[in-house]
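Residues per chain, in single letters:
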Amino acid sequence: MNNLFTGKNVIVQGITGAHGSFQTKSMLAAGTNIIAGTTPGKAGQLVEGVPVYDSIADIQKEHTVDISVIFVPARFAKGALLEAIAANVPLVICITEGIPVHDMLAVNEALTHSGTTLLGPNSPGALLPGVHKLGIIPAAMSLPGSTAIVSRSGTLTYEAMAALTAKGIGQKYVIGIGGDMVHGMGFIDCLRLFQDDPDVDRIIVIGEIGGHEELRAADFIKEHVTKPTFAYIAGHHAPAGVQLGHAGAILGSEGESAMAKTEALKSAGATTATSLTSLLASIV
Amino acid sequence: MNLLEHEAKHLLRDASIPVPAGVLVKKGEPAPRVTLPAVLKSQVPTGGRGKAGGIKVVESEEELKGATQQLFAHPIKDLLPNSLLAEEKLAIERELYLSLRVDRDQSAIILMAHSTGGIEVEDNHDFKEWVVKDYSADVLGQALADYYELPEQTFALQDVVENLKTCLVKNDALLIEINPLILTSDNRLVAGDAKMTLDDAAAFRHDWQFEEAGSEANFVTINEQGNTATIANGAGLAMATVDAAVDAGLHPANFLDIGGGASTETLLAAFHRLMDYPQLRVIIINIFAGITRADEVARAIVAARQHISDLPPLFIRIAGTNFEEAAEILAAASIPLLPTLDECLAAAKKELYE
């Protein structure tokens, strides 16, 4: 993958909404080059000085679009995502939380036949300290540097970043992949990006109980990652939140626990801990 | 949201999937006419009901009356039913397993089957699975008929697959599990029991009127006898807070994610719930505010202090959006803040054990 995260021209879908306009301001302040935004029916308005268009296609008549950050409400998110995919936007970052799973299955289907990479939904986005901010990760708590963070949980992303900053350890990438059942980029996509980027010298992976993605990430680390990697899986003592009847219980039996995932990451060569605070303490 | 059996069967019937004839007996309401013999099933939002004595076969009016009283008074995993489902007694030839679900790892709808269904299904490991979008319903129905070794049921199974797919998508369901799928001695396929999980995120486009079975994913009791309650925002931070508390030698009673944008009222309600833990002696609050506003949390903490007289000591760490405002609100009420979770845990430990 080319480095999609350094794309220049950024747009915001849902720019006139409460979250969209507030976050546009905060992204601009963090140095993001937001060239335009969309909200159907609101073309001609300005949000924080950024021109609003009806559609991505209208923006593309005048500009190249490299990245779209989506803040539209959940019930309209499927439409917004399909629009961005149809417009062939290289990187789409969906912050919206609460998108119905069946809507995401349809989006996923459209993605497989497209040139678009999706981060999210229900993701805090990505922050490249000192470069730009693509989402809602608080830039004030970051510091430019060479550590890369990938996490499933928004709050733990901020927590890890703020703790590193407090120690004077800067970050090259801070990426939240989102906790939804059906989502875009996963741990492996981010690990590949971090491994291939010569400016990254250390990787932090924050996972959770449920699913098998962290186990596959462990396999990937073992095979392909040579940089020092630190990993924490949240939920060593918390019971699984959602039980999908018998099918879930049967499928959830092996490998989905925090302990199993931690073991796998450890045997793949990562430094692990049973709490985030102790993991962060081990990073110097 | 997990549905009760009778609610799930209602949606199955609407989707033309055969379910046994039945009526609902509601608590405190005149009993409807029940055709005998019948199977009486307690409608509780939990599995393992059969083994726990929640299902009774009744042959006479006398037995029906007795079993009705018994089942309404019989808790299953601490849950009492609000209704009983009285169904026709089927002549069972075979019990099969069939489910359709959205799978997290494969980001796809998966059809899963086993040739032996029933209450021991958890012991099975060799389930057969198909990615639904790769095949037509006709091909899947044929594959099921081959797998179950029921060639004469091919057409019926093709219909079941087609209708299950429609039912899953139309209702925004994440899981439909039919266990057992009963083959009757007169060669009909009938959904003997049904579980269904609906996607709460899709509630805006449905008119759902269900009993709201199941537990809230955001409040889970870990240990009824725990001495430490935890409150955090975001599922990840809530889990991480519990993990860190255990590492520090505390015994967390619960996991609580107050989510984004929680109001003072919902937070206050959460405090009241924590007071039910008999051994509760400290409360750890760990907030990293993004969309959640730290000042809202601070107001709820002050309200809890005012309204709950025997509230145990609070150990609070707040960072993020509107932190300064939160710090002022708490300072005005003389409630101390600690700079890190580690310090909260250390102070709580001191309170508990020194």
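Keep in mind that what you see is a predicted model, and the values were worked out from it rather than measured.

Colleague: Please provide a residue-by-residue account of the overall build of chain A, values included.
Modeller: In terms of helices and strands, chain A carries 10 helices and 14 strands. Taken over C-alpha atoms, the radius of gyration comes to 19 Å for chain A, in line with the 19 Å a tight globule of 284 residues would show. When the backbone C-alpha atoms are referred to their principal axes, chain A occupies close to 55 × 45 × 30 Å. Taken across its 284 residues, chain A has 58% of its residues classed as buried. Taken as a whole, chain A presents about 10,400 Å² of accessible surface, with 54% of it coming from carbon and sulfur. Charge separation in chain A, taken as the distance between the mean sites of 17 positive and 24 negative side-chain charges, equals 4 Å.

Colleague: Report on the confidence of the model for chain B, specifying residues and quantitative values.
Modeller: Per-residue pLDDT for chain B averages 91, and the proportion of residues at 70 or more is 96%. No element of chain B has a lower mean pLDDT than strand β11 (residues 219-221) of chain B, which averages 81, and none a higher one than strand β9 (residues 189-191) of chain B, which averages 98.

Colleague: How would you summarise helix α7 (residues 213-224) of chain A if you had to cite specific residues and measurements?
Modeller: Compared with an ideal rise of 1.5 Å per residue, which puts 12 residues at 16 Å, α7(A) spans 16 Å between its outermost C-alpha atoms and is within 8% of the ideal. Among the residues of α7(A), Glu213(A), Glu214(A), Leu215(A), Ala217(A), Ala218(A), Phe220(A) and Ile221(A) are the ones counted as buried.

Colleague: Would you mind going over the interface of chain B and chain A in detail, with residue names and values included?
Modeller: In this assembly, 54 residues from chain B lie in contact with 51 residues from chain A. Interface of chain B and chain A: buried area, both sides summed, is about 4,200 Å²; carbon and sulfur atoms make up 63% of it. Linking chain B with chain A are 2 salt bridges, by the criterion used here. For the interface between chain B and chain A, the tally reads 14 residue pairs in polar contact (both at pLDDT 80 or more). When residues of the side of chain B that touches chain A are assigned to their parent elements, the largest contribution, 9 residues, is made by helix α5 (residues 235-247) of chain B. When the residues that make up the side of chain B that touches chain A are grouped by side-chain class, the tally is 27 nonpolar, 12 polar and 15 charged.

Colleague: Run through the sheet that holds strand β14 (residues 271-273) of chain A, naming residues and quoting values.
Modeller: Strands in a sheet are paired, the pairing made by backbone hydrogen bonds, and the direction either parallel or antiparallel. All names here are of chain A. Reading across from one edge, β9-β8-β11-β10-β12-β13-β14 is the order of the 7 strands in this open sheet, with mixed pairing throughout. Here the strands that pair on one side only, and so sit at the sheet edges, are β9 (132-135) and β14. Looking at each pair of strands side by side, their axes are set apart by 15° on average, direction ignored.

Colleague: Quick one: what's the story with the sheet that holds strand β4 (residues 83-88) of chain B, residue by residue and with numbers?
Modeller: All names here are of chain B. Taken in spatial order, the 4 strands line up as β1-β4-β2-β3 in an open sheet, and their pairing is antiparallel. Each edge of the sheet is formed by a strand with only one pairing partner; in this case those strands are β1 (22-26) and β3 (55-58). Taken over all neighbouring pairs, the strand axes of this sheet differ in orientation by 25° on average, direction set aside. Across 5 bridges, strand β2 (residues 38-42) lies against β4 in antiparallel orientation. Bridge pairing in β4 links Lys 41 to Leu 85. Across the sheet, helix α1 (residues 5-14) lies against β1, β2 and β4, angled at about 50° from β4, the strand it touches most.

Colleague: Any details on the environment of Val101(A)? Residues and values, ideally.
Modeller: Relative to the assigned elements, Val101(A) resides in helix α4 (residues 101-112). The exposure class of Val101(A) is buried, given its relative accessible area of 10%. Each C-alpha atom of the pair Val101(A) and His183(A) lies 9.4 Å from the other, and the pair is 82 residues apart in sequence. Other than its neighbours up to four places away in sequence, Val101(A) contacts Met181(A), Val182(A), Val102(B), Leu174(B) and Asp199(B).

Colleague: Can you lay out the domain arrangement of chain A for me, pointing to particular residues and giving the numbers?
Modeller: Residue and element names in this part refer to chain A. What the domain assignment lists for chain A is domain 1 (4-119) and domain 2 (125-281). Here the C-alpha centre of domain 2 lies 25 Å away from the C-alpha centre of domain 1. Contact with domain 1, which involves 23 residues of that partner, is made by 21 residues of domain 2. Across the domain 1 to domain 2 interface the summed buried area is about 1,700 Å²; carbon plus sulfur atoms make up 73%. Counting the contacts that link domain 1 with domain 2 gives 0 salt bridges. The tally of links from domain 1 across to domain 2 stands at 4 residue pairs in polar contact (both at pLDDT 80 or more).

Colleague: Hey, could you go over the packing of helix α3 (residues 74-86) of chain A against α4(A) for me, with residue numbers and the actual values?
Modeller: Residue and element names in this part refer to chain A. Look at α3 against α4: their axes get within 10 Å of each other, and the N-to-C directions meet at 5°. Looking at the two axes, α3 sits roughly parallel to α4. Only Asp 103, Met 104, Ala 106, Val 107, Ala 110 and Leu 111 of α4 make contact with α3, whose side of the interface consists of Lys 78, Leu 81, Leu 82 and Ile 85.

Colleague: I'd love a proper account of the pattern of salt bridges, names of residues and values included.
Modeller: Residues and elements named next belong to chain B. The final tally for this structure, using the stated rule, is 21 salt bridges over all chains. Close ionic contact of Glu 5 with Lys 9 constitutes a salt bridge, the shortest N to O distance being 2.7 Å. Here Lys 9 and Glu 5 lie together in helix α1, a separation of 4 residues that amounts to about one turn. Judged by relative accessible area, Glu 5 falls into the buried class, the value being 5%. In this structure, the salt-bridge partner of Asp 295 is Arg 299, at a minimum N-O distance of 3.2 Å. Residue Asp 295 and its partner Arg 299 are located together in helix α7 (residues 294-307), separated by 4 residues, close to a single helical turn. On the accessibility criterion, Arg 299 (34% relative accessible area) is partly exposed. Connected through shared salt-bridge partners, Glu 5, Lys 9, Lys 41, Arg 49, Glu 87 and Asp 193 make up one network.

Colleague: I'd like to hear about the confidence of the model for chain A, residue by residue, with values.
Modeller: Of all residues in chain A, 93% have pLDDT values of 70 or greater, and the mean over the chain is 92. Below pLDDT 50 for its whole length, residues 241-251 of chain A participates in 27 contacts with residues either more than four positions away or in separate chains.

Colleague: Which residues make up the state of the cysteines, and what values do they have?
Modeller: All names here are of chain A. Across all of its chains, the model carries 0 disulfides over all chains by this definition. Cysteine Cys 190 is unpaired, with the sulfur of Cys 94 as its nearest cysteine sulfur at 16 Å. With relative accessibility at 0%, the residue Cys 190 sits in the buried group.

Colleague: Pulling in residues and values, what's your account of the pairing of strand β12 (residues 228-232) of chain B?
Modeller: Residues and elements named next belong to chain B. Buried residues dominate β12, accounting for 5 of its 5 residues. Alternating positions in β12 separate into two faces, Thr 228, Thr 230 and Ala 232 on one and Ala 229 and Ile 231 on the other, with burial throughout. Of the strand pairs in this sheet, β12 and strand β14 (residues 282-289) are connected by 5 bridges, and their pairing is parallel. Looking across to β14, one finds that Ala 232 is bridged to Asn 286.

What counts as what
Residues numbered from 1 in each chain as written. Chains lettered and ligands numbered in written order. Predicted model: local features only at pLDDT ≥ 70, side-chain atom pairs only at ≥ 80, totals over all residues. Heavy atoms only, no water. Helix = DSSP H or I, 4+ residues; strand = E, 2+ residues; numbered from the N terminus. Rg over C-alpha atoms; globule rule 2.2 N^0.38 Å. Buried < 20%, exposed > 50% of the residue type's maximum accessible area, 1.4 Å probe, protein only. Areas by Shrake-Rupley, 256 points an atom, 1.4 Å probe, with all protein chains shown as cover. Lys, Arg positive; Asp, Glu negative; His and termini not counted. Charge placed at Lys NZ, Arg CZ, Asp CG, Glu CD. pLDDT = per-residue confidence, 0-100. Expected span 1.5 Å × (residues − 1). Contact = heavy atoms within 4.5 Å. Buried area = accessible area lost by both parts, 1.4 Å probe. Salt bridge = Lys/Arg side-chain N within 4 Å of Asp/Glu carboxyl O. Polar contact = N/O pair within 3.5 Å; in protein donor to acceptor, adjacent residues only side chain to side chain. Nonpolar A, V, L, I, M, F, W, Y, C, P; charged D, E, K, R; others polar. Pairing = 2+ DSSP bridges. Axes fitted to C-alpha atoms, helices over the stretch in contact; angles between N-to-C directions. Domains from an automatic or database assignment. Parallel < 35°, antiparallel > 145°, perpendicular 65-115°, else oblique. Disulfide = S-S within 2.5 Å.

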